Structures are given as structure tokens and as C-alpha cells.
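Architecture at a glance
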Amino acid sequence: MNTTATPNPFAGFQRSALEQSIPARFEEVVRRYPKRLAVKAGPETLTYDELNLTANQIADAILAIRGRGEDPIIILLEQGSLLVAAILGSLKAGKIYVPLDPTFSAQRLAEVLEDSQASLVVTSARIQKSALKWVTDGVQVLVVDNLAHGLATADHELSIKADAGAYIYYTSGSTGRPKGVLDTHRNVLHNIMRYTNSLQISPDDRLTLLQGPSFSGAVSSLFSALLNGAAVFPFDVHKEGVDCIAAWLRREKITIYHSVPVLFRHVATGSEIFPDLRLIRLEGDRASVKDIELFKSRFAGTCRLVNGLGATECGIVRQYFVGLDTPTPNLIVPIGYKVEDMDVILLDDSGQEVRAGEVGEICVSSHYLSPGYWRKPDFTAAAFIENPKDTRLRLYRTGDIGRMRDGECLEYLGRRDLQVKIRGHRVVVAEVESALQTLRGVKAAAVVMRQDKEGESRLVAYVVPDVHESLTTSSLRRQMVARLPHFMVPSVFVMLSALPLDANGKVDRRALPTPDQCRPKLEEAFVAPQTLLQDQLARVWERVLGITPVGIKDDFFDLGGDSLLAVTMMVEVEGTLQRKVPLSLLLAGTTIEYLADAIRLEATELLAAIVPIQLGNGGRPFFFLHGDYWSGGFYCTALARHIGRDQPFYALPPCGLNGEPVPPSYTAMAKKHVEAIRTVQPEGPYQLGGLCNGGLVAYEIARLLEQSNQKVEILVLVGALAANARYEWLLWLPRQIGAVLGLDSDKLLGRFVRLRDRIANIGALPTLEILKYVWRNSKKIRMEFRRLLAPRTEKGDVAQKASSELRLMTPEDMRGHLRETYLTLDYEYAPGPYGGRVTLLWPADDPVSLKDVIVCWQRVAHSVDAHVIPGRHFTCLTEHAQSTAAELRSMLSKVLQEKDTDPTYQVGLARRRDH
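Remember, predicted model here, so these are calculated numbers, not experimental data.

Comments concerning the overall build of the chain
Across its full length, the chain carries 29 helices and 33 strands. In the chain, buried positions account for 57% of the 915 residues. Taking contacts inside the chain between residues at least 6 apart in sequence as the whole, the part at least 24 apart equals 71%. Summed over all atoms, the accessible surface of the chain reaches about 39,600 Å², with 51% contributed by carbon and sulfur.

Next up, the structure:
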């Protein structure tokens with residue numbers, strides 16, 4: 001399809017019209033079409049005659065106040081016919097108009113007043129009462145709706161040159177203060193000529209004016225209509241709302257629609273049909289492939305979409321026409337081909353022209369560029385430079401970046417400051433956004449670069465899902481990986497209900513929220529850590545990624561990780577576990593679950609009967625049964641380090657972790673561990689501790705050593721509960737019954753646990769409630785006892801699987817077997833008496849109260865010393881390892897003070913050194 005328009009057959013706008021003023025051109029149109037509709041804003045309508053009369057009255061009032069002279073005046077009016085008349089009136093008076101939006105803050109208005117040096121504000125009575133507190137002394141105010149309407153006023157005979165100033169439009173400056181762009185009558189007329197010829201604008205057209213008064217895009221809509229005899233239709237989007245636009249377009253038989261792309265999307269997604277629309281102009285921001293698809297699906301074949309690039313400093317410079325038969329671009333929608341007298345070259349950072357297909361800054365070369373920035377010569381000199389290809393022309397550096405395709409067709413890739421470096425790669429944000437917007441379920445998207453806490457640059461994507469779609473970070477990232485190189489895939493995806501827009505309808509990137517620290521929405525449901533190693537890894541991931549919580553099935557890269565963060569994460573894992581962890585493990589599997597299993601399987605040295613975690617200074621060792629039959633007790637390295645590097649620390653893994661059969665009881669396990677302990681320390685006194693099931697085995701080790709007349713000077717049990725100490729009689733009963741009748745031990749154990757729990761529940765109730773409880777549950781309790789007598793269905797003990805059978809198990813099966821085995825042993829374990837002291841460390845967030853735990857241990861131990869530590873069962877030794885270690889260090893230091901008076905200490909120390 002031809003991507004440029006044919007010349008306009010309407011011969012009323014010739015190049016000779018450029019050497020006049022805007023009012024002179026407008027008055028020619030008035031004389032030619034006096035009774036045609038010029039402006040319609042809601043119920044208000046003005047013909048060209050009526051509009052000209054009103055503009056002349058306003059010009060008379062301005063001249064009466066300010067006299068002749070080319071000085072700036074501020075126009076502060078709401079969208080409507082009066083605003084149009086005031087703009088024309090100021091031009092007729094030979095003034096430079098400065099349009100401002102009444103919704104602007106007082107600070108913004110005051111800044112523009114100060115910078116422009118305007119001495120007159122043109123406004124309405126309503127605005128004068130509420131919004132002129134910022135006007136300084138010496139500035140006069142003209143209330144235009146108080147003028148005497150209907151009085152005939154002739155056109156003025158002022159001599160306004162073509163190169164006189166016409167307007168100053170203020171844009172946001174890089175310093176944070178507004179920056180005014182000055183333009184001339186000739187440049188405005190040339191810009192309207194470009195639109196007229198390319199869009200074939202005729203007196204029969206009806207054009208929208210959706211842009212606010214402070215947005216320079218309003219110039220092309222307003223004057224393309226009024227300088228061609230067409231009608232312009234102002235519409236206040238902020239007051240009327242977006243939802244009303246579609247019906248308004250149809251009702252007013254609009255032929256040329258103009259807005260930023262995001263507003264077009266709102267209009268085009270409804271059910272309205274627009275038979276009168278022949279042109280849709282999209283400018284002011286980048287159009288997306290979805291905009292093209294939306295246009296093709298919703299508009300008639302006679303309609304054309306025009307994607308254009310322009311700037312306040314130069315007007316329209318490129319246009320790309322799209323019809324139903326135009327191929328849809330893959331990612332980037334071009335801004336197309338050149339218009340009259342406006343050339344584009346692309347320059348690199350050094351000011352050299354780039355080669356075809358390379359990205360460079362879009363620079364516009366023309367005789368019709370803005371003179372520069374109002375009262376800012378330094379800004380003007382930086383933006384308007386000498387053309388290296390033609391010294392007779394100036395070159396305007398737009399600050400936008402683009403890429404030329406096929407030598408002529410230009411792609412707009414966003415602002416220069418949106419061209420970023422990610423891990424050494426140059427990334428054009430526009431390409432990432434375009435790829436996002438092509439994904440199914442994505443209604444709108446924006447991408448910005450943010451720095452993480454380490455100062456590394458990361459891409460953050462903000463996505464607005466379609467109403468009927470449920471998007472996840474996992475699905476978005478997977479689709480993006482299929483479309484773009486890995487370094488262009490955003491690290492973080494933030495779901496929003498809508499993108500924030502500025503006053504001009506563009507995406508306000510500064511208003512995009514900072515990503516929170518919550519876990520994103522993923523395809524995988526959250527699964528909390530199940531093992532101590534998984535919990536340790538989760539804590540590392542949370543620190544590195546800056547989010548919480550992290551689940552064991554969450555993908556590292558779906559959580560926002562990248563190659564640099566992966567290296568950081570692995571370094572932290574190595575520091576936490578005190579072992580080398582190759583990055584290849586993460587490349588093979590990107591979840592905590594996989595990583596934990598891989599690390600555990602590689603750590604064969606942790607499967608020894610006793611593992612030296614820290615040799616210390618040769619003092620008395622602390623033997624710790626880590627109880628981590630799922631992952632290997634990696635937490636012991638950090639725990640030992642926090643206790644103090646002078647303290648010798650040995651870990652004893654749970655039985656069965658090396659694939660050998662699990663002994664049938666904690667007492668049998670204790671015997672094996674005593675043998676291992678004596679290879680390091682043949683004689684006491686001993687220092688023992690353990691976590692959970694490891695604590696129960698440590699207790700049995702202490703009992704065995706006591707029976708061998710060996711002293712245990714400290715026994716620390718972390719999170720270890722001897723629940724059966726209160727119900728040993730209930731455990732004895734099914735054992736005896738089973739032994740006599742030959743009943744299934746597993747079933748008997750299960751029934752015992754149910755009975756134990758019911759009795760435990762009764763004990764916590766008041767007397768009356770106990771009676772009610774027994775009455776309600778008596779039938780269930782009788783049934784449990786009857787089930788205890790059920791016939792045996794299978795033979796064997798879960799703890800006594802053959803070695804050959806264990807070696808054939810997968811890691812997952814082995815873990816499940818060990819869990820089942822230790823739960824069985826734990827349920828049937830009833831601690832015997834111990835003549836020493838038990839020191840309890842109990843997690844504060846454990847559901848079992850410390851009071852109940854103390855009661856259990858007091859039934860069997862000579863004395864109990866209890867301390868509360870922060871966290872839960874896992875986190876007390878991972879997240880809160882330092883606090884737990886501080887308690888242990890305090891306890892061990894007390895023992896250390898007694899060593900000098902212990903006659904056996906020096907002998908034992910010498911033997912350990914010899915060993």
C-alpha cells in the first residue's frame with residue numbers, strides 16, 4: 001500500500017500563504033465561508049462570522065489594556081469556544097499567546113507567569129474567583145466573558161509579520177521548571193500546510209479538539225480546521241469523561257479524530273460504529289501493534305489511521321498511513337515517511353550520522369524550526385545546532401531516538417533517556433514495551449529502568465491486563481523470553497488497573513509506583529519451605545531479590561532474578577552454607593526445591609557418622625544432633641559461626657540419611673552416636689544438644705552416658721517435645737495388647753496417637769466442659785479402642801527396610817521414607833528418667849506452649865531450665881540463628897568458667913589432641 005497521501009485537491013492553501021500572519025489567513029477563510037460552522041463545544045456553536053466577531057472584541061480589549069507590541073499574554077480558559085476565540089483575539093492583537101490549563105497547580109502557573117514575563121492574564125469570571133491567587137502585582141486580568149457581546153467590530157489593520165512570535169507553549173524542563181517553546185506565524189502556517197496537504201483537509205471536515213489548552217498538539221487540530229474552512233469540536237475530556245467520547249464522535253459526525261494512543265484505545269474498545277470517520281491521527285506518544293489491530297477490527301475500510309511524529313519545536317515531521325490492507329508490523333509501529341520541507345537524520349552520541357538500521361537520536365533539519373526557548377539561550381544553543389550536511393539549515397535535536405528502515409521509513413523508539421544499559425547491553429525501552437503490548441491479555445504496558453539496592457539497573461514492566469484475563473509474572477516472562485534476548489526481558493512485572501497519565505494523556509512514567517516487596521502473582525501456588533535447608537535458601541533469596549515470601553517452587557527469574565543476581569545469590573548461599581555451590585546448579589533448576597535437593601545430594605561429606613563443622617581452639621567440643629533428615633543440617637555452619645569460632649562444633653546427622661536402615665528406636669540410635677562421639681572425645685564431661693528429633697536422641701545419649709558414669713555438663717534441646725512423657729501408660733497398653741494378640745503395630749500406633757490427642761484436648765478444658773467433651777466423644781473413643789484390636793494386615797516395621805531397597809529409592813522417595821520413619825519413632829517415643837538437667841530452647845511462635853513442654857520434661861528429668869527463642873521450628877535456626885546462637889554461647893560460657901576446676905578436663909583435652 002502507498003504509505004504517503006496524495007496532494008490535497010483543495011487549492012486554497014498554497015505556499016504563498018506562508019508569508020502572512022495567522023489572523024490574515026483566518027480572515028480570508030471568514031470572508032470565503034462566513035456562515036459555515038466554525039466551532040461547536042457542547043450546545044455552543046459559532047459560525048466563522050460569529051467567531052471572528054468575538055475574536056475581534058477580545059483583540060480590542062487586549063489592545064486597550066496593553067497597546068500594540070509583541071509581548072506575551074497568558075490565556076487561562078477552560079476547553080470551549082471562548083478559548084478558541086481568545087487565542088484568535090490575542091493573535092489579532094499582535095500578541096504572543098501563552099495557553100495554560102486552569103487545572104494546573106498554583107505553583108506551576110506562578111512559574112510560567114514569572115518565566116514568560118507576561119503582564120496580562122485573559123480568563124473567565126469563574127476562574128478569576130477561584131484560581132488567580134498566584135497572579136503577582138502589576139499583572140492585569142481581562143475577564144473575556146464580561147465583554148459587551150454583539151457589537152460589530154471590524155478586523156484590525158495591524159501589520160503582523162510572518163516571522164513574528166505567535167505562541168509560547170511550555171513543556172517540562174530537565175531542571176524541573178517549565179521551559180517555553182516559542183514559534184512564529186510562518187512556522188505555524190507551514191505546519192498546517194503540511195497537515196492540509198497530507199491529510200487532504202477540506203471545508204467539509206469536522207475535527208476533534210481533545211487536547212487541553214496547554215498541550216501543543218492542540219495547534220494542529222485547531223488551525224487545521226479554522227485555516228481551511230472546516231469545523232473544530234472542542235471536548236473537555238477531564239470534565240465529560242472518556243466514556244462519552246465515542247457517542248460524541250458519532251453524534252457530531254466527526255471526520256478527523258486526533259489524540260494520543262492511550263485515549264484512542266479507550267474510545268475504540270466500545271461498541272460504537274463510526275461511519276463518518278475518515279482519518280484517525282495518533283500522535284504525542286508511541287502507537288502499538290495492538291492499536292493497529294484494534295483499528296483494523298473496529299473501523300470501516302474507508303478510514304485510515306495516521307501514526308505521526310511531531311514536536312512543539314518543529315511541528316509534524318513524519319507520517320505513516322495505515323489501511324485495512326496494510327501489513328501489521330511485528331513489534332514497532334513506524335512513524336513513517338517525510339513530509340514537506342522536513343528532513344530527518346539520526347545522530348549518535350558523538351554527533352555522527354548512524355548507518356541504516358542503527359539507533360540514533362532523531363534530528364530535524366528544516367527552514368521551519370522554532371526560534372528556540374523563550375529567554376533561555378543556553379537551552380536553545382544545546383537543542384538547535386548547525387546541520388553537518390547543510391550549514392544553511394539548523395538542526396533540532398529532538399531528544400527522541402529512532403531507527404531508519406529501508407532507507408526511508410522511520411521507527412520511533414521513545415525518548416533518549418529511555419535508551420538504557422542493562423548488564424552492558426544497550427536496550428531501547430520502546431522495543432520492550434512493544435513486545436509486551438503484543439502479548440495476549442495485555443491491554444497496556446509501560447517499561448522503565450529502576451536501580452535495585454545494589455545500584456544495578458533493572459527493567460520494570462507495568463502491565464494492565466485485559467478485563468477477562470488473569471495474567472501472571474510466569475506467563476508474561478515466558479512469552480517475553482520467546483520474543484526478546486534475555487537482557488531485554490523485564491526483571492519485575494507490576495500489575496496495574498490503569499497506567500497513570502499526565503495532563504496531555506501520555507503515560508506519566510514518574511507516577512509509576514515503585515515495585516513493592518511482595519511476592520508477584522505466579523502460576524505456581526505458594527509452597528512454604530519444608531526443610532531447614534529450603535528455609536535457609538528462602539532467606540537468602542528474599543534478601544537478594546528484596547521480596548517476601550519466597551516459595552520453594554517459585555522460579556528465581558520469575559521473582560525478578562537475573563544473571564547478576566544469580567551470581568550474588570550463589571555467593572550468599574556459599575557464605576551461609578560454608579561450601580562451594582556451582583552456578584550450574586541454578587542453571588539446571590531454578591527453584592529452591594531443586595537447588596536444595598542438588599546441594600544435599602552433592603554434600604556426601606555431611607553423611608559421615610560425625611561431621612566436624614568447626615574445630616575451634618581445641619576446647620571441649622559441643623556435639624549437636626541437627627535432626628535434619630530432609631536436607632543435611634546445612635544450618636549448622638551458620639549456627640556454629642554465630643556461637644563463636646573458638647568453640648569446637650561437631651554435627652551428628654540423623655540415622656538413615658546415608659541410605660542405611662534406620663535403627664528401630666531413639667535408644668538404638670543413641671548407641672550408634674555414642675560410638676561416633678567417643679572417636680572424638682573418649683571421656684567426659686560432654687556437651688550435647690539437638691534439634692527436634694535430634695534433641696530426643698541427644699536426650700537418650702545423655703542417659704546412656706550417665707549409665708556409663710560419664711558426666712554430661714550441658715544438654716540443650718531445641719524445639720524438642722517429649723509429649724508421650726504424660727501418656728506412657730496409654731502407649732504401654734496397645735503395645736502389650738499387640739504383643740499378646742499379634743496385631744499390626746502401625747495401626748496400633750495410629751490409634752494411640754488419636755487417643756492421646758483426644759485425652760490431651762480434655763485436659764485443657766474446665767470440669768464442665770470435660771464432661772460435655774466425654775459425652776460428645778464417648779462413641780468415638782470406644783471406636784478407637786475397638787480399632788486397636790483390628791487384625792494384622794501386613795507385617796514389618798517401617799523403620800526396617802532393607803539396604804538394597806533403600807538404595808533403589810529416588811531422593812524424593814527417600815525423603816518421604818525418612819519422614820514417615822521418624823514420625824513413627826517420634827509418636828511411640830516415651831523418654832525414660834534422667835538424673836541431670838535439661839536446658840530447653842523453645843521457639844516463641846511454636847503452636848505448643850512452653851508451659852506444656854516444661855511439664856512433659858519435668859516428669860522425666862531431674863531439673864529443667866527453659867528459654868524462649870524467636871521464630872518458628874525452622875526459622876529459629878535459620879532466620880533467627882544469631883539469636884539462638886547467642887543463647888547457646890551464653891550457656892556454654894558458663895560451662896567454660898568451670899573447666900579450670902574440673903580434674904578430668906585437661907586429661908580429656910590431651911587425648912583429643914592426640915586423636
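Right, picking up where we left off after that structure.
Remarks on the sheet that holds strand S29 (residues 649-652)
Taking strand neighbours across the sheet as the criterion, the seven strands line up as S27-S29-S28-S30-S31-S32-S33 in an open arrangement whose pairing is mixed. Edge strands, defined here as strands with exactly one partner in the open sheet, are strand S27 (611-614) and strand S33 (861-869). In this sheet, adjacent strand axes meet at a mean angle of 25° when their direction is disregarded. Where strand S32 (residues 834-843) and S33 come together, eight bridges link them in parallel fashion. Bridge pairing in S33 links Val838 to Val864.

Remarks on the packing of aromatic side chains
Taken as a whole, this structure holds 21 aromatic pairs when the rule is applied. Centroid distance Tyr699 to Tyr834: 5.6 Å. Interplanar angle 70°. Geometry classified as edge-to-face. Note that Tyr699 is positioned in helix H21 (residues 693-707) and Tyr834 in strand S32, a separation of 135 residues in sequence. Grouping residues by exposure puts Tyr699 and Tyr834 together as buried. Just above the ring of Phe104 sits the side chain of Arg108; from NZ or CZ to the centre is 5.6 Å. Across from the ring centre of Tyr373, 4.6 Å away, lies the NZ or CZ of Lys179, which sits over that ring.

A short note on the nonpolar core
In terms of nonpolar packing, the biggest core is built from 65 residues, with Leu51, Tyr97, Val122, Phe223 and Leu226 touching the most fellow members. If one sorts the elements of this core by residue count, helix H2 (residues 48-66) sits on top with eight residues. Excluding anything up to four places from it in sequence, Leu51 contacts Phe26, Ala38, Val39, Leu46, Val84, Ala85, Leu88 and Leu226. Leu625, Val680, Leu705 and Trp842 belong to the second-largest nonpolar core, a separate cluster that totals 44 residues.

Brief notes about the pattern of salt bridges
A complete count under the given rule lists 35 salt bridges for this structure. The closest approach of N and O atoms between Arg392 and Asp390, which form a salt bridge, is 3.1 Å. In the salt-bridge network here, residues are joined through shared partners; they are Asp535, Arg539, Glu542 and Glu879.

Examining unusual backbone geometry
A cis amide bond links Thr548 to the next residue, Pro549, at an omega of 0°. Relative to the assigned elements, Pro549 resides in the loop between helix H15 (532-545) and helix H16 (563-577). That bond from Gly684 to Pro685 is cis: its omega, 0°, falls within 30 degrees of zero. Structurally, Pro685 is set in the loop between helix H20 (666-680) and strand S30 (686-691). A positive phi angle, near 55°, is found at Gln200, a position not held by glycine. Along the chain, the position of Gln200 falls in the loop between helix H6 (185-199) and strand S9 (206-209). Gln200 sits in the partly exposed class, given a relative accessible area of 29%. Here Cys692, not a glycine, exhibits a phi torsion of approximately 55°, which is positive. With respect to the helices and strands, Cys692 occurs in the loop between S30 and H21.

A look at the side chain of Asn191
Here Asn191 lies in helix H6. Owing to a relative accessible area of 10%, Asn191 belongs among the buried residues under this scheme. A distance of 3.0 Å separates the side chain of Asn191 from the backbone nitrogen of Ile316, its partner in a polar contact. Not counting residues up to four positions away in its chain, the partners in contact with Asn191 are Gly315 and Ile316.

A few points about the side chain of Lys95
Here Lys95 shows up in the loop between helix H3 (81-92) and strand S4 (96-100). Residue Lys95 is classed as buried on the basis of its relative accessible area of 0%. Side-chain polar atoms of Lys95 contact the backbone oxygen of Gly69, separated by 2.9 Å. Each residue touching Lys95, except ones within four places of it in the same chain, is listed here: Ile62, Arg66, Gly67, Arg68, Gly69, Asp71, Ile73, Ser90, Gly165 and Ala166.

Here's the deal with the sheet that holds strand S24 (residues 442-451)
An order of S24-S25-S26 is seen for the three strands of this open sheet, with the pairing classed as mixed. Two strands lie at the open edges of the sheet, namely S24 and strand S26 (492-495), each paired on one side alone. Geometrically, the sheet is characterised by an average inter-axis angle of 25° between neighbouring strands, direction not taken into account. In the sheet, S24 pairs with strand S25 (residues 457-465) via nine bridges, with the strands oriented antiparallel.

A closer look at helix H7 (residues 217-226)
Counting buried positions along H7 yields ten of ten residues, so the element is predominantly enclosed. The complete set of buried residues in H7 reads Gly217, Ala218, Val219, Ser220, Ser221, Leu222, Phe223, Ser224, Ala225 and Leu226.

Here's the deal with the packing of helix H10 (residues 261-268) against helix H11 (residues 289-298)
It is at 11 Å that the axes of H10 and H11 come closest, and there the two elements cross at 35°. Considering the relative orientation of H10 and H11, their crossing is left-handed. Two secondary-structure elements touch here, H10 through Pro261, Phe264, Arg265 and Ala268 and H11 through Asp291, Leu294, Phe295 and Arg298.

Topic: the confidence of the model for the chain
Confidence in the prediction of the chain, expressed as mean pLDDT, is 82, and 82% of residues score 70 or more. Below pLDDT 50 for its whole length, residues 1-11 participates in 28 contacts with residues either more than four positions away or in separate chains. Here residues 760-765 scores under 50 on pLDDT; set against residues more than four positions off or in separate chains, the count is seven contacts.

Quick notes on the environment of Lys521
One can find Lys521 in the loop between S26 and H15. Residue classification places Lys521 among the partly exposed residues on the basis of a relative accessible area of 45%. For the pair formed by Lys521 and Thr473, sequence separation is 48 residues and the distance between their alpha carbons is 5.9 Å. The contact partners of Lys521, leaving out residues within four places of it in the chain, are Ser470, Leu471, Thr472, Thr473 and Ser474.

How each quantity is defined
- Residues numbered from 1 in each chain as written.
- Predicted model: local features only at pLDDT ≥ 70, side-chain atom pairs only at ≥ 80, totals over all residues.
- Heavy atoms only, no water.
- Helix = DSSP H or I, 4+ residues; strand = E, 2+ residues; numbered from the N terminus.
- Buried < 20%, exposed > 50% of the residue type's maximum accessible area, 1.4 Å probe, protein only.
- Contact = heavy atoms within 4.5 Å.
- Areas by Shrake-Rupley, 256 points an atom, 1.4 Å probe, with all protein chains shown as cover.
- Pairing = 2+ DSSP bridges.
- Axes fitted to C-alpha atoms, helices over the stretch in contact; angles between N-to-C directions.
- Phe/Tyr/Trp six-rings, centres within 6.5 Å; stacked < 30°, edge-to-face > 60°.
- Lys NZ or Arg CZ within 6 Å of the ring centre and 35° of its normal.
- Core = buried A, V, L, I, M, F, W, Y, C linked by side-chain atoms within 4.5 Å.
- Salt bridge = Lys/Arg side-chain N within 4 Å of Asp/Glu carboxyl O.
- Polar contact = N/O pair within 3.5 Å; in protein donor to acceptor, adjacent residues only side chain to side chain.
- Left-handed = near helix turned anticlockwise from the far one by under 90°.
- pLDDT = per-residue confidence, 0-100.

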